[in-house]
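Residue-level structure breakdown
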Amino acid sequence: MKILIIEDEAGLREVVQQSLEKEKYIVETAHDYTSGLDKLGVYDYDCILIDIMLPNGNGLDLLQELKRQKKQSAVIIISAKDAVDDKVKGLDLGADDYLSKPFHLSELHARIKSAIRRNNHNGDNLIVWKNVTLSPEQRTVSIDNKELVLNRKEFDLLYYFIINPNRLINKTAIAEYVWGDHTDQADNLDFVYSQIKNLRKKLKDSDAEVDIQAVYGIGYKMN
Amino acid sequence: MKLQNYTLRYLAITLLLVIPIWAGIFYVLILDEVYDNIDDDLKNSKIIIIRHAFANKELLNTPEFGINKFTIKPLPKGQYSNKEEFSTSKEFMEYDNDNEPIRTLKTIFNDDKGNPYELIIKTSIVEEDELLEDLFLALIGLYVMLVISILAVNHLLLKKIWKSFYTILENLKEIKLGTGSKLKAIDSPIDEFNILEKEVEKMFNRNESIYSSQKQFIENASHELQTPLAISINKLELFAENSILADEQLMEIGKITDTLNRLTRLNKSLLMLSKIENQQFSEEENINFNELILVLTEDYSDLADFKEVKITVTENDILYFKMNKGLAIALISNLLKNALIHNHHNGFVNFIIDKNEMIISNSGNNSPLNSEVIFNRFYRHTTTNESTGLGLSIVKSIINNYSITIEYLFTSHHQFKIIFPKK
């Protein structure tokens, strides 16, 4: 899978690239509008991350150019401006998702995966990890082909872990993904812990080969 | 007291003092002139009478006034002075059936043979009491007319003149920074008001530009912070994953990440605030608050369960209000979050929804909050430094945008009453 990052901030470009390479993506980068345009024209990518504010150009114009060339890449807009207008405009122009800075890497992975999955139109893409099979469209989970019944929040939790396997996920990222902006940071640790506890128990009871481990002080990791 | 009436009051009092003084002086001067005139007339009569008496000897014997206004009586021979004596006295007048004042000239003259005669000439003069009375009445009339005309001038002319001033006043009252409102133009013939207007406008524009540049600064600063924050958080996440670190070191990294996450929240809240104040949430729709509250309480139910807080919603009526949906959600969720966070185990959060208002009350700390400051930015009642201290400020700026009012009350529990303007 090839991913293109068009982002002018070297630090962010670097860290996103490293993180994506860990996931075995082939990553290319562009640091401004012109170089982004060059790469877009020459290669095909599965997913393109575009920063809106770029030196010598606007990311939304790149998106337009991409659509004009009828490229099939999934596009995620990354912006420091959490402006509703930009979001609406970006999605109208055919972007698959919009992510505002700062974001957690686990969140970025989740967005990239679901954008690529949706973009491939291959019907129901099952996500399989060890003996756990998850269907994002049906919102069902089965372990060794036996269905495991989860409530909405538990499903969201498991989904987040299963598309970020073997990665250390920050507890704030988990709380934000599943419960939105609802929790107070002071409560995150205990709150997320109590929710994960239930999920772990259900996974264990149905003999899943995966387990969610707490990483002291930071968050959780599924392996 | 209004400016017009204020000036009128002082003018009326001043006139009340000035007019009698002027009247006194005027009276004395006029009377003096009148007497002078009468005396001159009497002296003139004397010359004419003496001349006639020389020509017509019969006149020398006119002992009674009769129809004449003079008497001539012979005096025994002797030395007399030629002095003219004037006197004022009263005499009965048939016409008026009253004693009227008269002026008398008494003098001595000698005929051609050197016999002395006494000549008395009288004439009626001004009745001083009547003059005074007339003058007094005239002055009262004058005073009343002056006051009335000042009043009229004040009300008609001054009203017209000061109209520009009142427009300026109204401008100052109505104008609010950052709302994009404009000053109403005045068109005054008076330079001072035009200068005042120009200066007010300059001052307002200066403030407006300071205000907006300050807002712009907060917004830009918040935006600019996003990328460095993203880099720091992401680098730390990668670092925690990549390295084989001891638990203690991971713990430290966790703390740094938590702090950065807090900064992110703070930053987002500040951005939200400046966006609300910049009125960047323009799309409006009719919001059913009953539905919205039910959805949000459901969203927060995990957190409420975790905190062992019971949320109840009492719907007395359906509350509709036209506003931006995102802001409506932010309004309710900030209040709800606030009520959940500052709560205790086995506590409660109650929503009571009426047609034009809703009340959210919650159990919590047993002392009332200071309602003067709870909506201020960065005010924190509790010692928890994990909250941004911006939640209620966001609530306040949302309701300010829509003329909604909020009241904080403390009975045995904390209570926020939100009153929506009637349609």
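Residues numbered from 1 in each chain as written. Chains lettered and ligands numbered in written order. Predicted model: local features only at pLDDT ≥ 70, side-chain atom pairs only at ≥ 80, totals over all residues. Heavy atoms only, no water.

Quick notes on the overall build of chain A
- Counting its secondary structure elements, chain A contains eight helices and 14 strands.
- Here chain A holds 223 residues, and the buried ones make up 57% of them.
- In chain A, of all internal contacts separated by at least 6 residues, the share reaching a separation of at least 24 is 56%.
- Just so you have it, chain A exposes about 9700 Å², and 47% of that area is on carbon and sulfur atoms. (Helix = DSSP H or I, 4+ residues; strand = E, 2+ residues; numbered from the N terminus. Buried < 20%, exposed > 50% of the residue type's maximum accessible area, 1.4 Å probe, protein only. Contact = heavy atoms within 4.5 Å. Areas by Shrake-Rupley, 256 points an atom, 1.4 Å probe, with all protein chains shown as cover.)

Regarding the interface of chain B and chain A
- Contacts between the two partners involve 38 residues from chain B and, on the opposite side, 42 residues from chain A.
- Between chain B and chain A, the buried area comes to about 3800 Å², and carbon and sulfur atoms account for 55% of it.
- Summed over the shared surface of chain B and chain A, the number is five salt bridges.
- Between Asp302(B) and Lys153(A) there is a salt bridge; the shortest N-O distance is 3.1 Å.
- Between chain B and chain A we count 14 residue pairs in polar contact (both at pLDDT 80 or more) in total.
- Secondary-structure elements contributing two or more residues to the side of chain B that touches chain A are helix H3 (191–242), helix H4 (247–277), helix H6 (301–306) and helix H7 (325–341) of chain B.
- The dominant element in the side of chain B that touches chain A, judged by the number of residues it contributes, is H3(B), at 14 residues. (Buried area = accessible area lost by both parts, 1.4 Å probe. Salt bridge = Lys/Arg side-chain N within 4 Å of Asp/Glu carboxyl O. Polar contact = N/O pair within 3.5 Å; in protein donor to acceptor, adjacent residues only side chain to side chain.)

Some thoughts on the pairing of strand E3 (residues 98–110) of chain B
All names here are of chain B.
- Bridge count between strand E2 (residues 85–93) and E3: nine bridges; the pairing is antiparallel. Paired with Thr 88 across the two strands is Arg 103, which belongs to E3.
- The loop that links E2 with its antiparallel partner E3 comprises four residues; one of these, Asn 97, has a positive phi angle of about 55°.
- Between E3 and strand E4 (residues 116–124), which pair antiparallel one after the other, the connecting turn spans five residues, and Gly 114 there sits at a positive phi close to 90°. (Pairing = 2+ DSSP bridges.)

Remarks on a negative patch on the surface
All names here are of chain B.
- A cluster of like negative charges, contributed by Asp 96, Asp 98, Glu 128, Asp 129, Glu 130, Glu 133 and Asp 134, occupies part of the molecular surface.
- A per-element tally of the negative patch places helix H2 (residues 128–174) first, with five residues.
- Secondary-structure assignment places Asp 98 in strand E3. (Patch = residues over 30% accessible without salt bridge, like charges linked within 9 Å, V, L, I, M, F, W, Y side chains within 5 Å. Lys, Arg positive; Asp, Glu negative; His and termini not counted. Charge placed at Lys NZ, Arg CZ, Asp CG, Glu CD.)

Concerning the sheet that holds strand E9 (residues 357–362) of chain B
All names here are of chain B.
- On the basis of which strands lie adjacent, the open sheet formed by five strands has the order E6-E8-E9-E11-E10 and mixed pairing. Each edge of the open sheet carries a strand with a single partner, namely strand E6 (309–315) and strand E10 (405–410). Geometrically, the sheet is characterised by an average inter-axis angle of 15° between neighbouring strands, direction not taken into account.
- Pairing of E10 with strand E11 (residues 414–419), which is carried by six bridges, proceeds in the antiparallel orientation. Considered in E11, the bridge of Tyr 408 is made with Phe 416.
- Lying on the sheet, H7 is in contact with E6, strand E8 (347–353), E9, E10 and E11; it crosses E9 at an angle near 25°. (Axes fitted to C-alpha atoms, helices over the stretch in contact; angles between N-to-C directions.)

As for the packing of aromatic side chains
All names here are of chain B.
- What the rule picks out here adds up to 15 aromatic pairs over all chains.
- A centroid spacing of 5.2 Å and a plane angle of 50° characterise the contact between Tyr 408 and Phe 416, whose relative ring orientation is tilted. With respect to class, Tyr 408 is no different from Phe 416; both count as buried.
- Taking the ring centre of Phe 375 as reference, the NZ or CZ of Lys 396 above it sits at 5.3 Å. (Phe/Tyr/Trp six-rings, centres within 6.5 Å; stacked < 30°, edge-to-face > 60°. Lys NZ or Arg CZ within 6 Å of the ring centre and 35° of its normal.)

Looking at the confidence of the model for chain B
- In this model, chain B carries a mean pLDDT of 85, and residues with pLDDT of at least 70 account for 97%.
- Two numbers describe this predicted complex: its pTM, 0.69, and its ipTM, 0.86. (pLDDT = per-residue confidence, 0-100.)

As for empty space enclosed by the protein
- Using the criterion set out here, one finds three cavities of 30 Å³ or more in the structure.
- Every residue along the wall of the largest cavity is listed here: Leu105(A), Ser106(A), His109(A), Asn164(A), Arg167(A), Leu168(A), Glu237(B), Leu238(B) and Glu241(B).
- Residue assignment for the lining of the largest cavity shows that the elements contributing at least two residues are helix H5 (105–120) of chain A together with H3 of chain B.
- For the second largest cavity, the calculated volume is near 40 Å³. (1 Å grid on protein atoms, 1.4 Å probe; cavity = no way out; pocket = protein on both sides within 12 Å on 5 of 7 lines; lining within 4 Å. Points joined across faces, edges and corners; volume = space filled by probe spheres on them.)

Thoughts on helix H6 (residues 152–162) of chain A
Residue and element names in this part refer to chain A.
- Within H6, 10 of the 11 residues are buried, which leaves the element mostly enclosed by the surrounding structure.
- Of all the positions in H6, only Lys 153, Glu 154, Phe 155, Asp 156, Leu 157, Leu 158, Tyr 159, Tyr 160, Phe 161 and Ile 162 are classed as buried.
- The N-cap residue of H6 is Asn 151: its side-chain oxygen and the backbone nitrogen of Lys 153 are 3.1 Å apart.

Remarks on the nonpolar core
- Formed by 78 residues in total, the largest nonpolar core has its most connected members in Ile174(A), Phe289(B) and Leu335(B).
- When residues of this core are assigned to their parent elements, the largest contribution, nine residues, is made by H7(B).
- Contact partners of Leu335(B), with chain neighbours within four places excluded, come to Met358(B), Ile360(B), Leu392(B), Val395(B), Ile406(B), Phe416(B) and Ile418(B).
- One finds Phe70(B), Ile72(B), Leu139(B) and Tyr143(B) within the second-largest nonpolar core, a separate group that totals 26 residues. (Core = buried A, V, L, I, M, F, W, Y, C linked by side-chain atoms within 4.5 Å.)

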